[in-house]
Amino acid sequence: MHAAYIERLGPPSEIRYGELPDPRPGPTDVLVDVDYAGVNHVDTFVRSGAWRTPVDFPFVIGRDLVGRVAAAAPGAPAFAPGDRVWSLSMGHAGRQGAAAERVAVPAERLYPLPRGADPADAAAAAHPAATAYLALFVHGRLRPGETVVVMGAAGNVGAAAVELAACAGARVIAAAAAGDAGYCRALGAEAAVDSRAPGLADCIAAACGGTDLYIDAAGRNDLDLAVRLLARRGRVVVLAGREDRAVLPVGSLYLLDRSVTGFAISQATTGELAEAAAHIGRHLAAGRLRPRRRADLPLGSAADAHRRLESGAGSGRRLVLRVRDTAGAT
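About the criteria used
Residues numbered from 1 in each chain as written. Predicted model: local features only at pLDDT ≥ 70, side-chain atom pairs only at ≥ 80, totals over all residues. Heavy atoms only, no water. Phe/Tyr/Trp six-rings, centres within 6.5 Å; stacked < 30°, edge-to-face > 60°. Helix = DSSP H or I, 4+ residues; strand = E, 2+ residues; numbered from the N terminus. Lys NZ or Arg CZ within 6 Å of the ring centre and 35° of its normal. Buried < 20%, exposed > 50% of the residue type's maximum accessible area, 1.4 Å probe, protein only. Polar contact = N/O pair within 3.5 Å; in protein donor to acceptor, adjacent residues only side chain to side chain. Contact = heavy atoms within 4.5 Å. Expected span 1.5 Å × (residues − 1). Pairing = 2+ DSSP bridges.

Enquirer: Go over the packing of aromatic side chains with me, naming the residues and quoting the values.
Expert: On inspection of all chains with the given rule, the structure shows two aromatic pairs. On the basis of an interplanar angle of 75° and a centroid distance of 6.3 Å, the ring pair of Trp86 and Tyr111 is categorised as edge-to-face. With Trp86 in strand β6 (residues 84–87) and Tyr111 in strand β8 (residues 111–112), this residue pair connects regions lying 25 residues apart in the sequence. A cation over an aromatic ring shows up here: Arg292 above the ring of Tyr183, its NZ or CZ 3.9 Å from the ring centre.

The following block contains the structure:
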């Protein structure tokens, strides 16, 4: 099979495109013919070694995939050849990645792709939407009627958070560039504030008073600002900024029962991921959570995709690798 893989950790130039042996599924694995593989920042962290996780070389890169079942092991009775499926947690913790013509996926990490969901959009949405879902509802404990502030609301994770929270009946205050205000409102935000304007805290406070949940998808991690905006028992979920050393305002944090929680999707349990996938799948089937802009590249351009992501050249555009087309399938 053809695959995008590395033989050692390093820059995007270490990514090779060529033939590898077909994967050998285990007793509870499903062999998937891949149509599309997503490209995410976390893929670059694994490839470079910035985030250490067990990898066996040659190591197929990539986390998210959409495809069809080629064969299912006896321990995976829920799947049958031809089923449309997707996964969002390959390519780390000892698992080979998604950027290949065929991938052996543990059954507990594979989900039916709902009828009506666009496969390329699903590959593009998988990681940011699952991150947003888990941040909002698992770690943020968001409930209908509560208020959530989303920083970086026009980005991939931020936009998904706005849409998911609004659909769940929350009141959403979106903080983004001024030019993105209309986009954020179209996703369901009640109000949109300019994240670069002076007096940001006052702008947000005027829009919502105290907020129950604060999510910073932009990775600014201004915890002094975040905690000041919280209502009693409000929560901050931190999900970006590996090198940040933010100052924590301890006094105002504990005096009003406020909390700050760190969250990385790579630590999510299989149960949490399955819950997120089921929820996201329903939205995709309904035509929601579509990427604002998407660029499809052939599998052989995986190194270029990583370079674009790391340089910022792909900013605002979800990158997806076309695997089936690269293989010449119809």
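Enquirer: Help me get a handle on the side chain of Asn40, residues and values and all.
Expert: Mapped onto the elements, Asn40 comes out in the loop between β3 (29–38) and α1 (41–48). Given a relative accessible area of 2%, Asn40 falls into the buried group. Polar contacts involving the side chain of Asn40 include one to the side chain of Arg318, which spans 2.9 Å. Those residues in contact with Asn40 that lie beyond four places of it in its chain are Arg63, Asp64, His127, Pro128, Leu309 and Arg318.

Enquirer: Tell me about unusual backbone geometry, residues and numbers included.
Expert: Here the residue pair Phe57 and Pro58 is connected by a cis peptide bond, since its omega of -5° sits within 30 degrees of zero. Considering the arrangement of structural elements, one finds Pro58 in the loop between α1 and β4 (59–60). The backbone phi angle of Arg141 is positive, close to 55°, even though this residue is not glycine. Residue classification places Arg141 among the partly exposed positions, given a relative accessible area of 41%.

Enquirer: Can you tell me about helix α3 (residues 156–167), naming the residues and giving the values?
Expert: Its twelve residues give α3 an end-to-end C-alpha distance of 17 Å, which sits within 8% of 16 Å, the value for a rise of 1.5 Å per residue. Extensive coverage of α3 is indicated by the burial of nine of its twelve residues. Along α3, the residues that are buried comprise Val157, Gly158, Ala159, Ala160, Ala161, Val162, Glu163, Leu164 and Ala165. Looking one or two residues past α3, Gly169 carries a phi angle of roughly 90°, positive in sign.

Enquirer: Give me the sheet that holds strand β2 (residues 16–19): which residues, what numbers.
Expert: Across the sheet, three strands lie side by side as β2-β1-β4; this open sheet has antiparallel pairing. Looking at which strands have only one partner, the edges of the open sheet turn out to be β2 and β4. When strand β1 (residues 2–6) meets β4, the two strands line up antiparallel, connected through two bridges. Across the sheet, residue Ile6 finds its bridge partner in β4, namely Phe59.

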